[in-house]
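What follows is the residue order along each chain.
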Amino acid sequence: MTQPPTLTDRPALLRQRQRALRLPGHADSLFLHRLALADVQERLAEVNRTFTAPVVISGHPEIWSDFAPVVPDDEVLALAPGAHDLVIHAMALHWANDPLGQLVQGLRALRPDGLFLAVLPGGRTLHELRASLAEAEAEVAGGLSPRVLPMGEIRDLGALMQRAGFALPVADSVTQVVHYRDFGRLLGDLRAMGETSALAARPRRFTRRSVIGAAAAVYQGLATPEGHLPATFELVFLTGWAPHESQQKPLRPGSARTRLSDALGVPEKPLDG
């Protein structure tokens, strides 16, 4: 089997997460995790089941440890096969070099008919910042460098759930727009989140001040009448079950016993040749 390309510099990611813990405002910057946690709790409340062996996969245990035991989002997850009836992959799948492998490991850790739930930033996240940086760097440096992590689109992420082997997979998303006083506060929030670039292919030098200044000027063109800068965060939720014989299964093609015309209450007409 071919190895997936190395997207994330894992040592760099872990270093920036550790630095983020020491930054002022770190707790406040994790608002996206708190939003994800609240939504996960709401979704689980709608499931008519009591989970007795849950586990969370996350690089931010300070948010999730009160909810369930947490294991790190390492490439090889510290999960025993069939040990859990609920696995939550929390705000870390976007950094995985092998997201499909993460999903497969989550599925293997589930008991039959156990629930897997992942939440991660989706493709619309920070689209304003991405566009501003790209325009600024093209203008100042005459080209683009890999600076911002690519994030999966909801359709592609849903397809990964099917490839991993989950039963009844569902993908949906919610969007939150946050308004910042200025460009610097947005960048400061990303540093305090531990979400600045840890791309393996990132430039190994500081971004030129002229590029940052140009990006801030481009971004300012998106300001609200009050002068605030909008930043979009999309949270994608992936839900699936470990297969079990009790679950609903799709009918085989051609096995229907009722005509569509009867169900719709309309006369059946032959197709013209």
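Thresholds, definitions, all that
Along each chain, the written sequence defines residue order, and numbers are assigned to residues from 1. pLDDT decides what is reported in this predicted model: residues at 70 or higher carry local features, side-chain atom pairs at 80 or more are listed and counted, and totals for whole chains, interfaces and linings draw on all residues regardless. Excluded from the side-chain calculation are hydrogens and water; included are all heavy atoms of the structure. We treat two strands as partners when DSSP finds at least two bridges between them. Helix numbers and strand numbers start at the N terminus; a helix is a DSSP run of H or I with at least 4 residues, a strand a run of E with at least 2. Contacts are assigned to residue pairs with any non-hydrogen atoms lying within 4.5 Å of each other. Orientation is described by axes fitted as lines to C-alpha atoms, over the contacting stretch for helices, and by angles from 0 to 180 degrees between their N-to-C directions. Here, nonpolar core refers to any group of buried Ala, Val, Leu, Ile, Met, Phe, Trp, Tyr and Cys residues whose side-chain atoms link them within 4.5 Å. Remark: exposure states derive from per-residue accessible area (1.4 Å probe, protein chains only) relative to the maximum for the residue type, with buried under 20%, exposed over 50%, and partly exposed in between. Expected helix span is given by 1.5 Å per residue-to-residue step, counting one fewer step than there are residues. The directions from the helix axis to the C-beta atoms form the arc being described. Here the angle decides the label: under 35 degrees means roughly parallel, over 145 means roughly antiparallel, 65 to 115 means roughly perpendicular, and every other value means oblique. Side-chain classes are defined by residue name, with Ala, Val, Leu, Ile, Met, Phe, Trp, Tyr, Cys and Pro counting as nonpolar, Asp, Glu, Lys and Arg as charged, and the others, Gly among them, as polar. Centres within 6.5 Å make a pair out of two Phe, Tyr or Trp rings, where for Trp the six-membered ring is used; the pair is then stacked when the planes are under 30 degrees apart, edge-to-face when over 60, and tilted otherwise.

Structural notes on the sheet that holds strand β3 (residues 84–90)
Strand order in the open sheet formed by six strands is β2-β1-β3-β4-β6-β5, and the pairing between neighbours is mixed. In this open sheet, the two edge strands, each paired with only one partner strand, are β2 (70–71) and β5 (167–180). Sheet analysis places β3 next to strand β4 (residues 110–121), joined by six bridges and oriented parallel. Bridge pairing in β4 places histidine 89 opposite alanine 118. Lying on the sheet, helix α3 (residues 31–45) is in contact with β3, β4, β5 and β6 (229–241); it crosses β6 at an angle near 35°. Each of β3, β4 and β6 is contacted by helix α5 (residues 99–108), which is oriented at about 145° to β4, the strand it contacts most.

Side note on the side chain of serine 132
The residue serine 132 is located in helix α6 (residues 127–141) in this model. Sequence-distant contacts of serine 132, defined by excluding residues within four places in its chain, comprise Ala215, Val218 and Tyr219.

A short note on the nonpolar core
Within the largest apolar cluster, 39 residues are counted, with the highest numbers of intra-cluster contacts made by Val40, Leu44, Trp64, Val119, Leu129 and Phe233. Contact partners of phenylalanine 233, with chain neighbours within four places excluded, come to Phe31, Leu32, Thr125, Leu126, Val174, Thr175, Gln176, Val178, Tyr180 and Met193. In terms of nonpolar packing, the next biggest core, distinct from the first, is built from 24 residues, Leu79, Val87, Leu107 and Leu238 among them.

Side note on α3
Relative to the 21 Å expected for 15 residues at 1.5 Å per residue, α3 spans 21 Å between its end C-alpha atoms, a close match to the ideal helical length. Turning to α3, its buried residues are Phe31, Leu32, His33, Ala36, Leu37, Asp39, Val40, Arg43 and Leu44.

With respect to helix α9 (residues 209–220)
Taking 1.5 Å of rise per residue, twelve residues should cover 16 Å, and α9 covers 16 Å from first to last C-alpha, within 8% of that figure. Listed in full, the buried residues belonging to α9 are Val211, Ala214, Ala215 and Tyr219. Taken around the axis of α9, the buried residues stretch over an arc of 135°, which confines them to a single face. The exposed residues of α9 that point more than 90 degrees off its buried face are Arg209 and Ala217.

Side note on the packing of helix α8 (residues 183–193) against α9
Viewed as axis vectors pointing N to C, α8 and α9 meet at an angle of 115°, and their least axial separation amounts to 10 Å. Of the possible angle classes, the one that applies to α8 and α9 is roughly perpendicular. Between α8 and α9, the residues in contact are Phe183, Leu186 and Leu187 and Ile212, Ala215, Ala216 and Tyr219, respectively. Looking at the contact of α8 with α9 residue by residue, the classes come out as seven nonpolar, no polar and no charged.

Examining the packing of aromatic side chains
Taken as a whole and assessed by the stated rule, the structure comprises four aromatic pairs. Ring geometry for tryptophan 64 and phenylalanine 67: centres 6.5 Å apart, planes at 75°, overall edge-to-face. In this structure tryptophan 64 comes out as buried when scored by relative accessible area, which is 0%. Geometrically, the ring pair formed by phenylalanine 116 and phenylalanine 166 is tilted, given 4.9 Å between the ring centres and 35° between the ring planes. Of the two residues, phenylalanine 116 is situated in strand β4 and phenylalanine 166 in the loop between α7 (154–164) and β5; the sequence distance between them amounts to 50 residues.

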